[in-house]
Amino acid sequence: MQSLDGPTRLDLEYIQDPHTVTELLRAEGPVRQAVLPRGLPVWLVTSYADGKALLADPRLGKDSRVANELFAERAAVDQSPVLFPLSLATHMLNSDPPDHTRLRKLVNRAFTSRTVARMRPRIEQITKELLDAMAGRETVDLLEAFAFPLPITVICELLGVPDDERDDFRRWSNIILSALPTDELADASSAMTAYLSTLVEDKRATPDEDLLSALVHASDDGDRLSPKELISMAFLLLVAGHETTVNLIGNGVLALLRNQDQLAVLRADPGLLPNAIEEFLRYDGPVNLATLRFTTEPVRVGEVEIPAEEFVMISLLAANRDGERFPDPTRLDVTRQPGGHLAFGHGIHYCVGAPLARLEGEVAIGGLLERFPAVRLAAEPAELRWRDSTLMRGLETLPIRPRG
Ligand code: HEM
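Analysis parameters
- Residues numbered from 1 in each chain as written.
- Predicted model: local features only at pLDDT ≥ 70, side-chain atom pairs only at ≥ 80, totals over all residues.
- Heavy atoms only, no water.
- Buried < 20%, exposed > 50% of the residue type's maximum accessible area, 1.4 Å probe, protein only.
- Helix = DSSP H or I, 4+ residues; strand = E, 2+ residues; numbered from the N terminus.
- pLDDT = per-residue confidence, 0-100.
- Axes fitted to C-alpha atoms, helices over the stretch in contact; angles between N-to-C directions.
- Parallel < 35°, antiparallel > 145°, perpendicular 65-115°, else oblique.
- Left-handed = near helix turned anticlockwise from the far one by under 90°.
- Contact = heavy atoms within 4.5 Å.
- Nonpolar A, V, L, I, M, F, W, Y, C, P; charged D, E, K, R; others polar.
- Pairing = 2+ DSSP bridges.
- Salt bridge = Lys/Arg side-chain N within 4 Å of Asp/Glu carboxyl O.
- Donors = N, O, S within 2.8 Å, 3.2 Å for Na, K, Ca; no water.
- Near = heavy atom within 4 Å.
- Polar contact = N/O pair within 3.5 Å; in protein donor to acceptor, adjacent residues only side chain to side chain.

Visitor: For helix α10 (residues 149-159), give the residues involved together with the corresponding values.
Guide: An α-helix turns once every 3.6 residues. As a result, residues three or four positions apart point the same way. By the criterion of burial, α10 is predominantly enclosed, with nine of the eleven residues buried. Directly after α10, the chain includes G160, whose backbone phi takes a positive value near 85°.

Here it is, written out as structure tokens:
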């Protein structure tokens, strides 16, 4: 991190320890200028109250076409002039009303708590199979063996994606979300677009009971979904399903194993699990910075006026550790009332998958603790590395000893 006098560079030090960096920044004020790893200048918001208000503020836009234009004006010369490849990025998280409203309506029903509750038996079955496979092993990477395959299998089954190309998908998705400049980005985006186009064509030819077939049908059924929007929707749902819940499981298990007193509290009263999941989301949630927003007019935050047409990033990690909102914020406390945390965002873009993520988190972490009561870390916490992304807060690996 650079000095607090100029814009703060969100570099590798920040990625390894965002909490310390944002605590220092918050002490300076609720918003500061910063530079993202790929060189983009942004305004970074670190307070809970302002973060929450801005997430729901209609003066902040998200439309990917406008964002691309602003990006082309602002980006450093050595950067790719395109922020989002529109073939993949024409989705609800990059749209403003009325497009956002139309796109979100198409999938809302698939993710309500009631619909998702019906998936519990299947989620429990996948969990059991993965835990069984870990049982004979001394040491395992919990992410590879458990936290990744569970949500990936669930979202792929929900959408109707066959297993054969899941590894490729995961690799492209990783590249697309990573923070470092990379030539591979364009290749990964093209490969992803080609893969999803073929998948959509397969669904059109042989529709099934799955969500992707329903979306293909919606796109054939008038003007509700353009071809680009259909591919982008599939991309968004698959990436969200691949990249987020894994970190709820990974970060949650890490937090518990590092705070044995809280593990003991939870073991003594397993009924606390749903509350503990909310606390894991607050304490070290899967999403670091909320996705990109830009001001459509000047917006005042505390003492600072952000001019029009500037990029704004809201740090969900920082908001959730703001002492003004959560007393003793750096302490993991599975009995606290963490309601109101911003790990799933806020406002019209509030995570559509939250009920599914909560259910997966509960079944996974509950299942792991029940099956392996003596589970412990197989690495010093200081040795653990975080993935180089400013969007995702997730470990590269989480070595554990299931049987202690
Ligand atoms: C613990 C896991 C998850 C976390 C922490 C999470 C977090 C978030 C956050 C913070 C946002 C809003 C971003 C912003 O406003 O910039 C969001 C939006 C979204 N999430 Fe999740 N998510 C999770 C799991 C999922 C899952 C499993 C799905 C489903 C496939 C999903 C689908 C979506 C979609 C489609 C949006 C866009 C909603 C909109 O623009 O209206 N998420 N998520």
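Visitor: Summarise the confidence of the model for the chain; cite the residues concerned and give the values.
Guide: In this model, the chain carries an average pLDDT of 92, and 94% of its residues clear a pLDDT of 70 or more. With a pTM of 0.95, the predicted complex shows an ipTM of 0.99.

Visitor: Could you give an account of the packing of α10 against helix α14 (residues 227-243), with specific residues and numbers?
Guide: At a minimum axis separation of 8 Å, α10 and α14 run at an interaxial angle of 160°. The orientation of α10 with respect to α14, classified from their angle, is roughly antiparallel. Here the hand of the crossing between α10 and α14 comes out right-handed. On α14, the residues touching P151, I152, I155, C156 and L159 of α10 are L237, L238, G241 and H242. Grouping the constituent residues of the contact of α10 with α14 by class yields seven nonpolar, two polar and no charged.

Visitor: Got a sec to walk through the sheet that holds strand β10 (residues 376-377)? Specific residues and values, please.
Guide: Across the sheet, three strands lie side by side as β5-β11-β10; this open sheet has antiparallel pairing. Each of the sheet's edge strands pairs with one partner strand only, and the pair in question is β5 (140-141) and β10. Two strands pair when backbone bridges link them, and β5 and strand β11 (residues 399-401) are joined in this way by two bridges, in the antiparallel orientation. The partner of V140 across the bridge, within β11, is I400.

Visitor: Outline the pattern of salt bridges, supporting the account with residue identities and numerical values.
Guide: For the structure on display, the rule yields 25 salt bridges. A salt bridge links D132 to K128; its shortest N-O distance comes to 3.0 Å. Residue D132 and its partner K128 are located together in helix α8 (residues 120-134), separated by four residues, close to a single helical turn. What makes D132 partly exposed here is its relative accessible area of 34%.

Visitor: Report on the coordination of the iron atom of the ligand, specifying residues and quantitative values.
Guide: Among protein atoms, the single one acting as a donor to the iron atom of the ligand is C351 (SG), 2.3 Å away. Tracing the sequence through the fold places C351 in the loop between α18 (316-319) and α19 (354-371).

Visitor: Lay out the site of the ligand in plain terms, naming residues and giving numbers.
Guide: In the vicinity of the ligand, 27 residues are found, and the nearest of them are H100, T291, R293, H349 and C351. Separating an oxygen atom of the ligand from a side-chain N or O atom of H100 is a distance of 2.6 Å. Between the ligand and R293 there is a distance of 2.7 Å, counted from an oxygen atom to a side-chain nitrogen or oxygen. Breaking the shell around the ligand down by element, the ones donating at least two residues are α6 (99-108), α14 and α15 (245-258). Sorting elements by how many residues they give to the shell around the ligand places α14 first, with three residues. Per-class residue counts for the shell around the ligand are 18 nonpolar, seven polar and two charged.

Visitor: Can you lay out the packing of α15 against α19 for me, pointing to particular residues and giving the numbers?
Guide: Running from amino to carboxyl end, α15 crosses α19 at an angle of 40°, the nearest separation of the two axes being 9 Å. In terms of orientation, α15 lies oblique with respect to α19. In this structure, α15 crosses over α19, and the sense of that crossing is right-handed. Across the interface between the two elements, T245, L248, I249, G252, V253 and L256 from α15 touch A357, E360, G361, A364, I365, L368 and L369 from α19. Class assignment for the residues of the contact of α15 with α19 results in nine nonpolar, three polar and one charged.

Visitor: Which residues make up unusual backbone geometry, and what values do they have?
Guide: Backbone torsion omega between P97 and P98 reads 5°, so that peptide bond is classified as cis. Mapped onto the elements, P98 comes out in the loop between α5 (86-89) and α6. Located in the positive-phi region is E309, a residue other than glycine, with phi close to 60°. Position of E309 among the secondary structure elements: in the loop between β8 (304-306) and β9 (311-314). A relative accessible area of 41% means that E309 is categorised as partly exposed. Phi at D328 takes a positive value of approximately 50°, unusual for a residue other than glycine. Secondary-structure assignment places D328 in the loop between α18 and α19. Accessibility expressed as a relative area gives 47% for D328, which makes it partly exposed.

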